[in-house]
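# Examining the three-dimensional arrangement
So you can see what is in the structure, the chains are spelled out below.
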Amino acid sequence: AVVSTQSTGVSAIQPTGEPHLGNYLGALQHWITLQHSHKNCVFGIADNHVFTSKITAKEVRQNTIAQAAILLALGLNPDRAILYKHSAVPQHTALAWLLSTAATSGLMTRLRSLPQYKEKSQQYDNLALLTYPVLMSADILLYQGTHIPVGEDQNIHIEFCNSIGQAFNRIYRTQVFQPVEQLLTASPRVKSLANPALKMSKSYGKPAGVIGLLDSDDVIQKKVKKAVTDSLGPITVDQNLRPGVYNLLSLYSAVSELPWSKVCETFVTGNVVQLKSELAECLIEKFGPVRDNALQLIKDKEYVEGVLNSGAEKAQEIAERNLDNIHRIVGLK
């Protein structure tokens, strides 16, 4: 999509663990490019959201620093984009409460069909697990977001955000919330190395199927070597018959940024062992320096916290202004 220089890119990632290749190809690489295409970018560490599942205070603190460090190592520039943690800006939860008053029974029924609720409701039992999409909508609408770089699996959340924003507008006869647009990358849904029928995810599936952005070179090589393929001989391109091979070709194309036609020309009729070897080398070449830089930044906790605190000040300035306007609309000011 063509993004206007006047638009506002808004997105966030939860500090529930190490970001992985699926996060990068599905969304994070868009964060890096958007900061250069226009001046309004607000990217958050969504620490308010982690409490829908079991996590310790120590893990929240450590994961927050690690997430921020990895984003900086990937090339996020705090001089071009706001990077902050949501909990430092209380207007997020304040707006979520006001939006919840616009959530009709129809919208609430839809909440039970959302992916995170389905995935976690068997293991965890809390109200936040059901209502987190309201907070997620507030995370976006608080900054008048227009373009949201997230993975394909977040489509239903973007639809919910637009629905609750328009419901609020109808109740208060305003146009304060405009529809937001989901921005997808060329690889919106990355598949697991261990099971190409599933997405690459830290939430479920085997750890062997996930390439973490902090994985060592040896770990990357082992995971790629063990990636599920088949025994059908020389490489052919058939997503239905050979999903594992197709997945590796897709990953190579995405990571190397080579056209699909060139990747097919290079590997078709070749052997899977060669493809796995070259994919591992490609991953190591691209993400090895990112990992090394991120690990150094994690050690420099004071610097990373300084970036987050500075970003929170900038985010709060925007949030206060927009929430004040919303408070006037509803009569609180």
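Owing to the predicted nature of the structure, the values given are computational and were not obtained by experimental measurement. Counting restarts for each chain: residues are numbered from 1 in the order of the written sequence. pLDDT decides what is reported in this predicted model: residues at 70 or higher carry local features, side-chain atom pairs at 80 or more are listed and counted, and totals for whole chains, interfaces and linings draw on all residues regardless. Processing note: side-chain calculations cover all non-hydrogen atoms of the structure and skip hydrogens and water entirely.

To continue, consider the overall build of the protein chain. Numbering of helices and strands runs from the N terminus; a helix is a DSSP stretch of H or I covering at least four residues, while a strand is a stretch of E covering at least two. For the protein chain, the helix and strand inventory stands at twelve helices and five strands. C-alpha atoms define the radius of gyration, and 2.2 Å times the number of residues to the power 0.38 defines the globule rule. Taking 2.2 N^0.38 as the reference for a compact globule, 333 residues should give roughly 20 Å; the C-alpha atoms of the protein chain span a radius of gyration of 21 Å, in line with that estimate. Seen through its C-alpha atoms, the protein chain measures out along the principal axes to roughly 70 × 45 × 40 Å. For accessible areas, the Shrake-Rupley method is used with a probe of radius 1.4 Å. Any residue's cover is judged against the shown protein chains and nothing else. In the form shown here, the protein chain has an accessible surface area of approximately 15,900 Å², with 51% of it arising from carbon and sulfur atoms. Of note, the protein chain has its 32 positive side-chain charges centred 5 Å away from the centre of its 29 negative side-chain charges. Just so you know, the count uses Lys and Arg for positive and Asp and Glu for negative, and it drops His and the chain ends. Taken as the charge location is NZ of Lys, CZ of Arg, CG of Asp or CD of Glu.

We now examine the pattern of salt bridges. By convention in these notes, a salt bridge is any Lys or Arg side-chain nitrogen within 4 Å of a carboxyl oxygen on Asp or Glu. Evaluated as defined, the whole model comprises seven salt bridges. Salt-bridge contacts for Arg 291 lead to Asp 292; the nearest nitrogen and oxygen are separated by 3.1 Å. Overall, Arg 291 belongs to the buried group, its relative accessible area being 9%. Asp 324 is the salt-bridge partner of Lys 333, the closest N and O atoms lying 2.8 Å from each other. Lys 333 gets classed as exposed once you look at its relative accessible area, which sits at 58%. Each member of the salt-bridge network shares a partner with another, and the members are Asp 217, Arg 291 and Asp 292. Here's how the labels work: a residue is buried when its accessible area is under 20% of the maximum for its type, exposed when over 50%, partly exposed in between, all with a 1.4 Å probe on protein chains only.

This part covers the nonpolar core. Nonpolar cores were defined as sets of buried Ala, Val, Leu, Ile, Met, Phe, Trp, Tyr and Cys residues, with membership established by side-chain atoms within 4.5 Å. With 57 residues, the main nonpolar core has Leu 21, Leu 74 and Leu 83 as its most contacted residues. Mapped onto this core, the elements with two or more residues apiece are helix H1 (21–37), strand E2 (40–45), helix H2 (57–74), helix H8 (217–225), helix H9 (243–256), helix H10 (260–267), helix H11 (272–299) and helix H12 (301–330). With eleven residues, the single largest contributor to this core is H11. We call two residues contacting when some pair of their heavy atoms lies within 4.5 Å. Dropping the residues within four chain positions of it, Leu 83 is found in contact with Phe 43, Ile 45, Ala 68, Leu 71, Leu 72, Leu 76, Val 307, Leu 308, Gly 311 and Ala 312. Counting 37 residues, the second largest nonpolar core, distinct from the first, contains Ile 82, Leu 130, Leu 142 and Ala 312.

Our focus in this paragraph is the packing of aromatic side chains. Only the six-membered ring of Trp is used, alongside the rings of Phe and Tyr, when aromatic pairs are assigned; centres must lie within 6.5 Å, and planes under 30 degrees apart are stacked while those over 60 apart are edge-to-face, with the rest tilted. All told, the structure shown has seven aromatic pairs when counted by the stated rule. With a centroid separation of 5.0 Å and 80 degrees between ring planes, the pair formed by Tyr 252 and Phe 267 is classed as edge-to-face. On the criterion of sequence distance, the pair formed by Tyr 252 in helix H9 and Phe 267 in helix H10 is long-range, its members being 15 residues apart. There is no split in this pair, since Tyr 252 and Phe 267 are both buried. These aromatic residues form a ring-pair network of at least three members: Phe 168, Tyr 172 and Phe 177.

What follows deals with the packing of helix H3 (residues 91–100) against helix H6 (residues 127–141). At a closest axis distance of 8 Å, the pairing of H3 and H6 adopts a crossing angle of 120 degrees. Taken as a pair, H3 and H6 cross one another with a handedness that is right-handed. Note on element contacts: H6 touches H3 through Val 134, Leu 135, Ser 137, Ala 138, Asp 139 and Leu 141, opposite His 92, Thr 93, Leu 95, Ala 96, Leu 99 and Ser 100. For this classification, Asp, Glu, Lys and Arg are treated as charged, while Ala, Val, Leu, Ile, Met, Phe, Trp, Tyr, Cys and Pro are nonpolar and the rest, including Gly, are polar. Here the residues of the contact of H3 with H6 sort into seven nonpolar, four polar and one charged. Here, axes are lines fitted to C-alpha atoms. For helices the fit covers the stretch in contact, and angles between N-to-C directions go from 0 to 180 degrees. Left-handed is the label given to a crossing in which the near helix is rotated counterclockwise from the far helix by less than a right angle, and right-handed is the label when the rotation is clockwise.

This next bit is on the environment of Leu 141. Along the chain, Leu 141 turns up in helix H6. Accessibility expressed as a relative area gives 3% for Leu 141, which makes it buried. Residues Leu 141 and Leu 99 lie 42 residues apart in sequence; the distance between their C-alpha atoms is 9.8 Å.

The next subject is H2. Residue count minus one, scaled by 1.5 Å, sets the expected span of a helix. For H2, with 18 residues, the first-to-last C-alpha span of 26 Å sits near the 26 Å given by 1.5 Å per residue. In terms of residue burial, H2 counts as a mostly covered element, since 13 of its 18 residues are buried.

This part covers the pairing of E2. Burial analysis of E2 places five of its six residues in the buried class, which makes it a mostly covered element. Strand direction decides the pairing type here: strand E1 (residues 8–13) and E2, joined by six bridges, are parallel. Along E2, the bridge assignment pairs Thr 8 with Asn 40. Taken together, the four bridges between E2 and strand E3 (residues 82–85) define a ladder with parallel strand orientation. The residue bridging Phe 43 from the neighbouring strand is Leu 83, located in E3. In this fold, E2 hands off to H2, which returns the chain to E3; that crossover is right-handed. Paired strands, in this sense, are two strands between which DSSP finds at least two bridges. A right-handed crossover is one whose linking path, passing over the helix from the first strand to the second, runs clockwise when the strands point away from the viewer.

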